[in-house]
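# Coordinate analysis (summary)
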Amino acid sequence: MQRRFTTQEALELILNNANPCDSDGEDINLQPNSDSDSELSSDDATAPHLEKRARLESEPTETAKEGTVWHEEHVGTILRFTPMEPYAADGEPTAKARRRIRSRLQSFLCFITVGMLRPIQEWTIQHARQTEQTDWFMILHELMAFISVIILRGVTKVPSLRDSWSACLGNPLITGIMSRNRFQDIMRHLRFDDMFTRSERVQTDKFAAISDVWGSFVTNCITCYNPGRHITIDEQLFPSKTRCCFLQYIATKPDKFGIKFWVACDLKTKYICNVLPYLGKDPSRPSEERLSESVVMKLMEPFMDKGRTVTTDNFFTSLTLARRLLSRKTTILGTVNKIRREIPQSTRKMDRKEFTTQVFSTTGATLTVYAPKRKKTVYILSSMHSVVETEETIKRKPNTITQYNTTKCGVDVMDQMVREYSVRTGTRRWPVAVFYNMIDMAALNAHLLYQACTGVQERRVDFLVQLARELANSHVSEKKALKEQLRQQQPPTPGPGKRAKCQINHCCKSNRATVRCVHCHKYTCGKCRREIPWQCQVCHESQ
């Protein structure tokens, strides 16, 4: 004899994974009786919800190694979570930056401020007086001119340092700003921290030689710009072969050796929002927390709780990270490594039909498995897509793959832009290499902010040249004023029986001269001088 169940009782048995047969072996009849008909007619809003729930729970499920339950879904169906409201505004400078920026120099000083340059000046003078001369000195404007020469050397590449001041390959702007010997003198003594307390600080901070200046730079990058919805996180390897304990070797990079930085940048503008150096194992990081999760959470901390989306590669992406970001109103989109324990075992088969898509869902995330080739599979984890749909093309790409291809290139394009006019040169000191990278990033961000705040569209190479001029303008003016003062203090003639070289060289080739010009106080030979016509006293006074 068959036992009759109401619709609600049958659904509860299914949801509770009950045995479809009772203890007597009687079959379950799922036909509704008169009582169930009255219940459905009386409560029409509950039945569709229960039917939908029964349909979802009856779909195939799979449990991963670490315990995550995945539900296989059909392409194009609405998944089991509601996407959060995305961040709507585009990236833009903050109100503080808009008030300050009126020129290229002001834009650059938003990132490398005068407050950062004064300690560099102080520690450079300290090192020079301890190792070389007790009266060695450098003013702040001379340090800014030194940075301008570094930027100009990045714009005009030459084989060696000497060639930047040579007559054939040299840049006239560089020779007019600073002499080569003075540039090398400042470079030799350039320091970023107190040399007497460094040994104590290194015990707790591997980055102690430049950490104060670097921290100020990163803070300025965060406070000067509000990024848009999409932020890309990836690694940057700044090429260097200096001796330091955190030098990295990455075989897949064009330059194998270098200092690694974790970078978060805005997708649309390629503005560098946040950056962290990789210094090896961090003792403060909990043992159960992965390095990749720690890096993403630190980089995204200033931009959480707004509805932004972070794009990562398979080194960073994990289900745990997706849930941690989702709890802070931030979504993630990225490729995921198939060997992770939270990935279903059934997705690891290699022999898939070309252009096929498989979709899985779990709490707060979706997993898209797409085969672009017969023996190649791409895994995309997303917490921003509630529907996975395929294109009406031959390749039938899912929208998660298309979205990832659009948002993945932020840091790579930024690194390419920085390398084009990089100030990097050979050095044996890793703090100087980090300083070069800081100037590159500051110049890129300054160019973006200058265009956004003033509305002037300018090529980056033109911006860098004009920025170098503005950085060196004060130093060059002071040099000219000092030179003029010294010239005026000299006697009008070289001395009895002595002659000087002509300083005009307008009509001669270094002729000898004994008389100075009454206006510019330069020695002037007979060929380069101008005779004043004969005038009477009355006409002269009237003029």
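That block above? That's the structure.
Residue numbering note: each chain is counted from 1, following its sequence as written. Restriction of local features to residues with pLDDT of at least 70 applies here, the model being predicted, together with a cutoff of 80 or more for giving and counting side-chain atom pairs; totals for whole chains, interfaces and linings are based on all residues. Calculated side-chain values reflect all of the structure's heavy atoms, with hydrogen atoms and water omitted.

## Some details on the overall build of the chain
A run of DSSP states H or I qualifies as a helix once it reaches four residues; a run of E qualifies as a strand once it reaches two. Both are numbered from the N-terminal end. In terms of helices and strands, the chain carries 18 helices and 19 strands. Exposure is judged per residue with a 1.4 Å probe applied to protein chains only, and the accessible area is read against the type maximum: over 50% gives exposed, under 20% gives buried, and values in between give partly exposed. Across the 543 residues of the chain, 45% fall into the buried class. Between two residues, a contact is recorded if the distance between any of their heavy atoms is within 4.5 Å. The contacts in the chain between residues at least 6 apart in sequence include a share of 62% that link residues at least 24 apart. Accessible surface area values rest on a Shrake-Rupley calculation with a 1.4 Å probe, where residue burial reflects the displayed protein chains alone. Counting only carbon and sulfur atoms, one obtains 51% of the accessible surface of the chain, whose full area is about 29,400 Å².

## Some words on the packing of aromatic side chains
Pairing of aromatic side chains requires ring centres within 6.5 Å, counting the rings of Phe and Tyr and the six-membered ring of Trp. Pairs whose planes differ by under 30 degrees are stacked, by over 60 edge-to-face, and all others tilted. Considering all chains together, one arrives at 17 aromatic pairs under this definition. Relative to F246, the ring of F207 has its centre 6.0 Å away and its plane inclined at 55°; by these criteria the two rings are tilted. Here F207, found in the loop between α10 (198-202) and α11 (211-223), pairs with F246, found in the loop between β7 (230-239) and β8 (248-249); they are 39 residues apart in sequence, far enough to count as distant. Both residues of the pair, F207 and F246, count as buried. Ring geometry for F246 against W430: centres 5.1 Å apart, planes inclined by 80°, an arrangement best described as edge-to-face. Pair noted here: F246 is in the loop between β7 and β8 and W430 is in helix α16 (residues 430-454), with a separation of 184 residues, a long-range link. The pair formed by F246 and W430 is uniform in burial state, with each residue classed as buried. What links up through ring pairs into an aromatic cluster is the set F207, W214, F217, F246, F261 and W430. In this analysis the charged atom, NZ for Lys or CZ for Arg, is taken to sit over a ring once it is within 6 Å of the ring centre and within 35 degrees of the ring normal. In this structure, R308 is placed above the aromatic ring of Y87, and the distance from its NZ or CZ to the ring centre is 4.2 Å. Looking at R516, its charged tip hangs above the ring of Y523, at a distance of 4.0 Å from the centre.

## As for the side chain of S240
Note on placement: S240 falls in the loop between β7 and β8. The definition of a polar contact used here is a pair of N or O atoms within 3.5 Å, where within protein one atom must be able to donate a hydrogen and the other to accept one, and adjacent residues in sequence count solely through side-chain atom pairs. Side chain to side chain, S240 and T242 meet in a polar contact 3.1 Å long. Among all residues touching S240, those that are not within four sequence positions of it are L247, F257, G258 and A433.

## Focus: a positive patch on the surface
The patch calculation keeps residues exceeding 30% relative accessible area without a salt bridge and links them within 9 Å when they carry like charges or within 5 Å when they are nonpolar (Val, Leu, Ile, Met, Phe, Trp, Tyr). Salt bridge criterion: a side-chain nitrogen from Lys or Arg within 4 Å of a carboxyl oxygen from Asp or Glu. Charge counting follows a simple rule: Lys and Arg are positive, Asp and Glu are negative, and His as well as the terminal groups are ignored. Here the site of a charge means NZ on Lys, CZ on Arg, CG on Asp, or CD on Glu. A cluster of basic residues, K373, K376, K395 and K408, forms a positive patch at the surface. Tracing the backbone through its elements, the reader meets K376 in strand β15 (residues 376-382). With a relative accessible area of 44%, K376 lands in the partly exposed category.

## Description of the packing of α11 against α16
For every element, the axis is a line fit to its C-alpha atoms; helices are fit only across the contacting stretch, and the angle between N-to-C directions ranges from 0 to 180 degrees. The geometry of α11 relative to α16 is characterised by a closest axis approach of 11 Å and an angle of 15° between their N-to-C directions. Accordingly, the angle class assigned to the pair α11 and α16 is roughly parallel. α11 and α16 meet at a crossing whose hand is left-handed. Between α11 and α16, the contacting residues are V213, W214, F217 and C221 on the first element and V434, M438, M441, A442 and N445 on the second. Note that the term roughly parallel is reserved for angles under 35 degrees, roughly antiparallel for angles over 145, roughly perpendicular for angles of 65 to 115, and oblique for everything else. Here a crossing is called left-handed whenever its near helix is offset anticlockwise from the far helix by less than a right angle, and right-handed whenever the offset is clockwise.

## Here we look at the pairing of strand β4 (residues 69-73)
Any two strands with at least two DSSP-identified bridges between them are counted as paired. Note that strand β3 (residues 61-63) and β4 share 3 bridges and pair antiparallel. Following the sheet pairing, T63 is matched in β4 by V69. Hairpin remark: β3 followed by β4, antiparallel, with 5 residues in the connecting loop; positive phi at G67, about 105°.

## Considering the state of the cysteines
Pairs of cysteine sulfur atoms within 2.5 Å are identified as disulfides in what follows. Taken as a whole and assessed by the stated rule, the structure comprises 0 disulfides. No disulfide involves C265; its sulfur sits 6.8 Å from that of C273, the nearest cysteine. Under the relative-accessibility criterion, C265 is labelled buried at 0%.

## Points about the environment of T377
Structurally, T377 can be placed in strand β15. For the pair T377 and T357, spaced 20 residues apart in the sequence, the C-alpha separation amounts to 9.6 Å. Beyond its immediate chain neighbours, meaning those up to four positions away, T377 contacts K349, R352, V369, Y370 and P372.

## A look at the packing of helix α7 (residues 140-155) against helix α17 (residues 460-489)
Orientation of α7 relative to α17, taken along the N-to-C sense of each, is 150°, at an axis distance of 8 Å. On the basis of their axis angle, the class for α7 and α17 is roughly antiparallel. Note that α7 runs across α17; the crossing there is left-handed. Residue-level contacts link H141, E142, M144, A145, I147, S148, I151, L152 and V155 of α7 to V461, L464, V465, L467, A468, L471, A472, S474, H475 and E478 of α17. In this classification, Asp, Glu, Lys and Arg are treated as charged, Ala, Val, Leu, Ile, Met, Phe, Trp, Tyr, Cys and Pro as nonpolar, and every other residue, Gly included, as polar. Classifying every residue of the contact of α7 with α17 gives 13 nonpolar, 4 polar and 2 charged.

## Quick word on the pattern of salt bridges
Using the criterion set out here, one finds 21 salt bridges in the structure. The shortest N-O distance in the salt bridge between R182 and D185 comes to 3.4 Å. Of this pair, R182 and D185 both sit in helix α9 (residues 180-189), separated by 3 residues, roughly a single helical turn. On the basis of relative accessible area, D185 is assigned to the buried category, the value being 11%. Measuring nitrogen to oxygen at the nearest pair gives 2.9 Å for the salt bridge that ties D193 to R198. Via salt bridges that share partners, E132, E142, R182, D185 and R188 belong to a single interconnected network.

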